[in-house]
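# Residue-level structural notes
One-letter residues, chain by chain:
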Amino acid sequence: MKSVLIVGAGGFIGGFIAKRALELGYDTTVGVRKSTSRRYLSDERLKFLEFDYDDSEAMEAVLGSVSAKWDYIIYNLGATKCTNFLDFNRINFQYLRSFGEALKATGKVPEKFLFASSLSAAGPGDEKTYAPIKESDYPCPNTRYGLSKIKAEQWLETQSGLPWIIFRTTGVYGPHEEDYLMMIKSIDRHFDFGVGYRKQMLTFIYVEDLVDAMFMALEKAPIKHRYNIAESRSYTQKEFREIVARKLGRSFVVPIRVPLWGLKLVSYIAQQVGAFSGKPSTLNLDKYNIMKQRNWNCTTDAAAADFGFTASTDLDAGIEKTVRAYREQKLAAKQKSE
């Protein structure tokens, strides 16, 4: 039986990783904070380790308490929105570095270490020709989030001494995800809010496809390689809206286009409100730079060539599953309130 440690297992993606690891027969350990919700980690076969990522000595003590090292580690810990932009650097870069050093100090370096990065680490794609973003392109991230991810990648590549594999994922969606759920709820209310007036090409990956890719890479991919992980085609905002509307049974949806200057203003206000309340807002100036990007198209050939991964769930099928879960959640909430 192979063993795997999933770091950052408490979130939307982490729960799917843990579930799939158990289905594949892995001896599965999940790394969480003491305060992490275990809503999606209820299987009694899971083993838990609690980490304080701000305390390197405490992390070493926890890792040292485990008798054997894991065959594989999936490092899924990260922040996509923060009230203080400095937290991107702390959580997405410094935590990874501290954890990697703790692995080496305790002799727990695995056979493979898979790091969940982001396509934002590459920076904006070509918005004139809409050429796909390649793994070999020189990275020029234009967001604090993307910068924190590229710093983490470069530390892994040049200083970590770990047997790394890097996944640059595009927009991940599926049941339990929150950001795309906001868009689905809006279309369910007959409104579709888009940003800007120029063509925007979007790419997606259904969460279960992403998780399958992770375990395929752990079994087959060579170390010290970086991969874009996405469905092999891109979509326009209109195509996305039409698919969601069809799955929701909404024949009439009003498309509303918000100019970039308007989005920037709303993002600034939302950011200030989030800072005042202490709760990170989905909309902020960093997210604005992500949303205004017109070209999210990317190549996926390397993953197909190196470990045979091609996304099996297209946007049509993935949205159908996501909408079904949304409706079930909506019905359960209604029944609970009655």
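Shown above is the structure to which this text applies.
What this report covers is the structure whose coordinates are included nearby. (Residues numbered from 1 in each chain as written. Predicted model: local features only at pLDDT ≥ 70, side-chain atom pairs only at ≥ 80, totals over all residues. Heavy atoms only, no water.)

### Structural notes on the state of the cysteines
The condition that has to hold: Only a pair of cysteine sulfur atoms within 2.5 Å qualifies as a disulfide here.
Overall, the coordinates contain 0 disulfides when judged by the stated rule. Note on Cys140: no disulfide assigned, nearest cysteine sulfur contributed by Cys298 at a separation of 17 Å.

### Comments concerning the layout of surface pockets
Rule in force here: Here the term cavity refers to a set of points on a 1 Å grid, laid over the protein atoms alone, in which a 1.4 Å probe fits but cannot get out; the term pocket refers to an open set having protein on both sides within 12 Å along at least five of seven lines, with lining residues being those that place an atom within 4 Å of a point. Grid points are joined across faces, edges and corners, and a volume is the space filled by probe spheres set on the points. Put simply, DSSP H or I for four residues or longer makes a helix, DSSP E for two residues or longer makes a strand, and each gets a number counted from the N terminus. The residue classification treats Ala, Val, Leu, Ile, Met, Phe, Trp, Tyr, Cys and Pro as nonpolar and Asp, Glu, Lys and Arg as charged. All others, Gly included, are polar.
Here the second largest pocket defines a volume of roughly 270 Å³. Around the second largest pocket, the lining is made up of 16 residues, and of these Gly15, Phe16, Ala18, Lys19 and Tyr40 lie nearest the centre. Considering every element that reaches the lining of the second largest pocket, the biggest residue donor is helix H1 (residues 12-23), with 7 residues. Partitioning the lining of the second largest pocket into residue classes produces 8 nonpolar, 3 polar and 5 charged.

### A few points about the nonpolar core
For soluble globular proteins, nonpolar side chains are generally found buried alongside one another. Short version of the rule: Definition used in this section: a nonpolar core is a set of buried Ala, Val, Leu, Ile, Met, Phe, Trp, Tyr and Cys residues joined via side-chain atoms within 4.5 Å. Only protein chains enter the accessibility calculation, which uses a 1.4 Å probe; a residue is then buried when its area is under 20% of its type maximum, exposed when over 50%, and partly exposed in between. Residue contacts follow a heavy-atom distance rule, with two residues in contact if any of their heavy atoms lie within 4.5 Å.
Grouped together as the largest cluster of nonpolar side chains are 57 residues, with contacts concentrated most on Tyr75, Phe99, Phe113 and Leu156. Of the residues forming this core, the biggest block, 8 residues, is contributed by helix H3 (residues 86-105). Aside from chain neighbours lying at most four places away, what touches Phe113 is Ile73, Tyr75, Leu96, Phe99, Leu103, Leu156, Leu162, Pro163, Trp164 and Ile165. Counting residues in each nonpolar core, the second largest holds 38 residues, with Phe16, Val30, Ile74 and Phe309 among its members.

### Notes on the packing of helix H5 (residues 179-188) against helix H7 (residues 237-248)
What counts, and what does not: Here the axes come from fitting lines to C-alpha atoms, over the contacting stretch only for helices, and the angles between their N-to-C directions go from 0 to 180 degrees. Throughout, the term roughly parallel applies to angles under 35 degrees, roughly antiparallel to angles over 145, roughly perpendicular to angles from 65 to 115, and oblique to all others. Here a crossing is taken to be left-handed if its near helix is turned anticlockwise relative to the far helix by less than a right angle, and right-handed if that turn runs clockwise.
Axis separation between H5 and H7 bottoms out at 10 Å; the angle between their running directions is 65°. Looking at the two axes, H5 sits roughly perpendicular to H7. Crossing of H5 over H7 shows right-handed handedness. Taken together, the residues of H7 that come into contact with H5 (itself represented by Tyr180, Met183, Ile184, Ile187 and Asp188) are Gln237, Phe240, Arg241, Val244, Ala245 and Leu248.

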